[in-house]
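Each chain, written out:
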Amino acid sequence: MNIAVVGLSHKTATVEVREKLSIPEPQVETAIAQLLNYPHVEEVAILSTCNRLEIYITASETELGIREVVQFLSEHSKLPMTALRPHLFMLLHEDAVMHLMRVAGGLDSLVLGEGQILAQVKNSYKLGQQYDGVKTILNRLFKHSISAGKRVRSETSIGTGAVSISSAAVELAHIKAEDLSMCRVAILGAGKMSKLLVQHLVAKGVAEISIVNRSMARATELAQQFPGQPIKTHLLADMMSVIAESDMVFTSTSATEPILDRAKLEMVLEPNRRLMLFDISVPRNVHVDVNELTFVQAFNVDDLKAVVAQNQESRRKMAQEAEGLLEQESEAFDIWWRSLETVSTISCLRSKIETIREQELEKALSRLGSEFGDKHQEIIEALTRGIVNKILHDPMVQLRAQQDVEARRKCMQTLQMLFNLDVEEQFS
């Protein structure tokens, strides 16, 4: 059994490609079920964000398991293999383990040290468990990686003052508009990204913010988190009229198809009306054809790279410190992984000794006769179990603790020979 990750990110693919591969949360259950149907995929977890899609698996045959994942991605995205492969990365065991830890620690993000990715890794783990994709190995990997991500943030300064996708979008808007205090802003969506948008826009002193959402209750709840601020709330039905009165629009919804395009904007915008659109959703909320309108400027997540680059250099040293911590965490996981080799030997030894215990106990009880009460039988049962557990405890602990691979294998071979264990027959 081996661990592998197949995926693509902002480093390997443009937003046009990433949105074709995106797996929204409502589709995760079906995607996990499809992947588990492949003959060589044993476990699955899916991490899908605006900047990455990564599929973590354990596979009985690594190469075949990876091929099956790539086949799934091709069918899901409707991209032929030849068009898809140049954008994919594939990492095996130690590299896959270290990659997930770096992702959880915010070291592989577009925005170095961003905090939101850790919550996204946690959600990926939760969904993997919920839909039976995550079992023993991925369970340990994700728990360890989440712990490593928390350690990076608590023991280094990588997360201090880190910009997010939302803050980078607001910073880009500030660069383009120069004076946000004169701008009327519309935000489409009322989720976590939208909350961060409001937070940063308020800090910039924006004149007016309109939150447009399918649920008025959720839009109102978001607005109430910023008391005293010039925030209005609207239903999605009012979207175009709100946009017509805005100077800039930020989109952050879970829609899988564009909700704004050239035709819709032409219907509501006055001639020569200037409008800036900042789309931080993947799949994109804004159709590429809006760029055909002379007075409309549209930006997406890939346009944030220049803004983010200004923030990155000052964080390089912190990132190096974080990498050192993750190396330690990766080694700790590898020790656990290698200890799995001992499971079959330990189980076989325990099974053999337990069989002997039961047989000898049965002989002893038969000699004691029927007058021997149930309570006494329970005491003897507990006594013999306790003796077996205490005898086995130290050998099992020492076997698992062996970090040297060759030394551990010699110990297992010695146990198998001394106790005449047929491990392959029992666990085949």
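What counts as what
- Residues numbered from 1 in each chain as written.
- Predicted model: local features only at pLDDT ≥ 70, side-chain atom pairs only at ≥ 80, totals over all residues.
- Heavy atoms only, no water.
- UniProt positions renumbered as here; feature names shortened; annotations may be inferred.
- Pairing = 2+ DSSP bridges.
- Helix = DSSP H or I, 4+ residues; strand = E, 2+ residues; numbered from the N terminus.
- Axes fitted to C-alpha atoms, helices over the stretch in contact; angles between N-to-C directions.
- Contact = heavy atoms within 4.5 Å.
- Expected span 1.5 Å × (residues − 1).
- Buried < 20%, exposed > 50% of the residue type's maximum accessible area, 1.4 Å probe, protein only.
- Parallel < 35°, antiparallel > 145°, perpendicular 65-115°, else oblique.
- Left-handed = near helix turned anticlockwise from the far one by under 90°.
- Core = buried A, V, L, I, M, F, W, Y, C linked by side-chain atoms within 4.5 Å.
- Domains from an automatic or database assignment.
- 1 Å grid on protein atoms, 1.4 Å probe; cavity = no way out; pocket = protein on both sides within 12 Å on 5 of 7 lines; lining within 4 Å.
- Points joined across faces, edges and corners; volume = space filled by probe spheres on them.
- Nonpolar A, V, L, I, M, F, W, Y, C, P; charged D, E, K, R; others polar.
- Right-handed = clockwise from strand over helix to strand, strands pointing away.

Going by an unreviewed UniProt entry, the protein chain carries the name Glutamyl-tRNA reductase and comes from Dulcicalothrix desertica PCC 7102. Database annotation for the protein chain, UniProt heading Subunit (unreviewed entry): "Homodimer."

Draft legend 1. Here's a closer look at the sheet that holds strand E5 (residues 184–188). Read across the open sheet, the 6 strands follow the order E7-E6-E5-E8-E9-E10; overall the sheet is parallel. Across the chains shown, the open sheet's two edge strands, defined by having one partner strand only, are strand E7 (231–235) and strand E10 (296–300). Pairs of neighbouring strands in the sheet enclose a mean axial angle of 20 degrees, with direction left out of account. Sheet topology note: the strand E9 (residues 275–279)/E10 ladder contains 5 bridges and is parallel. By the bridge assignment for E10, aspartate 279 is matched with asparagine 300. Each of E5, strand E6 (208–213), E7 and strand E8 (248–251) touches helix H9 (residues 192–203); the most contacted strand, E5, lies at about 165 degrees to it.

Draft legend 2. Summary view of helix H7 (residues 136–155). The first and last C-alpha atoms of H7 sit 28 Å apart over 20 residues, in line with the 28 Å expected at 1.5 Å per residue. When we look at burial in H7, the residues that qualify are Ile137, Leu138, Leu141, Phe142, His144, Ser145, Ile146, Ala148, Gly149 and Val152.

Draft legend 3. Expanded view of the packing of helix H6 (residues 116–130) against H7. Packing of H6 against H7 leaves a shortest axis separation of 10 Å and a crossing angle of 165 degrees. Relative to H7, the element H6 is oriented roughly antiparallel. Pair H6 / H7 crosses with left-handed handedness. Within the contact between the two elements, H6 uses Ile117, Leu118, Val121, Lys122, Ser124, Tyr125 and Gln129 and H7 uses Asn139, Phe142, Lys143, Ile146, Gly149, Lys150 and Arg153.

Draft legend 4. Examining the nonpolar core more closely. Core analysis: the largest hydrophobic core is formed by 38 residues, its most contacted members being Ile211, Met248 and Phe250. Contributions of two or more residues to this core are made by helix H8 (165–177), E5, H9, E6, helix H10 (216–224), E8, E9 and helix H13 (305–312). Per-element accounting of this core gives the leading share, 6 residues, to H8. Two domains each donate at least three residues to this core, and these are domain 1 (2–162) and domain 2 (165–308). Beyond its immediate chain neighbours, meaning those up to four positions away, phenylalanine 250 contacts Ala169, Val170, Ala173, Val185, Ala186, Ile187, Leu188, Leu197, Leu201 and Phe278. Tyr56, Ala104, Phe142 and Ala319 belong to the second-largest nonpolar core, a separate cluster that totals 34 residues.

Draft legend 5. A look at the layout of surface pockets. For the largest pocket, the calculated volume is near 1400 Å³. Going through the elements one at a time, helix H2 (25–36), strand E2 (41–49), H6, H9 and E6 are the ones with two or more residues in the lining of the largest pocket. Ranked by the residues each element gives to the lining of the largest pocket, the list is headed by H6, at 7 residues. Classifying every residue of the lining of the largest pocket gives 22 nonpolar, 18 polar and 7 charged. Inspection of the lining of the largest pocket shows a minimum of three residues originating in each of domain 1 (2–162) and domain 2 (165–308). As for the second largest pocket, its lining consists of 16 residues, and the residues nearest its centre are Glu19, Lys20, Thr256, Glu257 and Pro283. Elements represented by at least two residues in the lining of the second largest pocket include exactly helix H1 (15–21) and helix H3 (62–77). Looking at the lining of the second largest pocket residue by residue, the classes come out as 5 nonpolar, 6 polar and 5 charged.

Draft legend 6. Summary view of the pairing of E6. When you tally the buried positions in E6, you get 5 out of 6 residues, the bulk of the element. In terms of strand pairing, E5 meets E6 through 5 bridges, oriented parallel. Each bridged residue has a counterpart across the sheet, and for alanine 186 the counterpart in E6 is serine 210. Considered for its hand, the β-α-β crossover made up of E5, H9 and E6 is right-handed. Judged from the 5 bridges that link them, E6 and E7 form a sheet pairing that is parallel. When the bridges of E7 are listed, serine 210 appears paired with lysine 232. Chirality of the crossover, the property in question, places the unit of E6, H10 and E7 among those that are right-handed.

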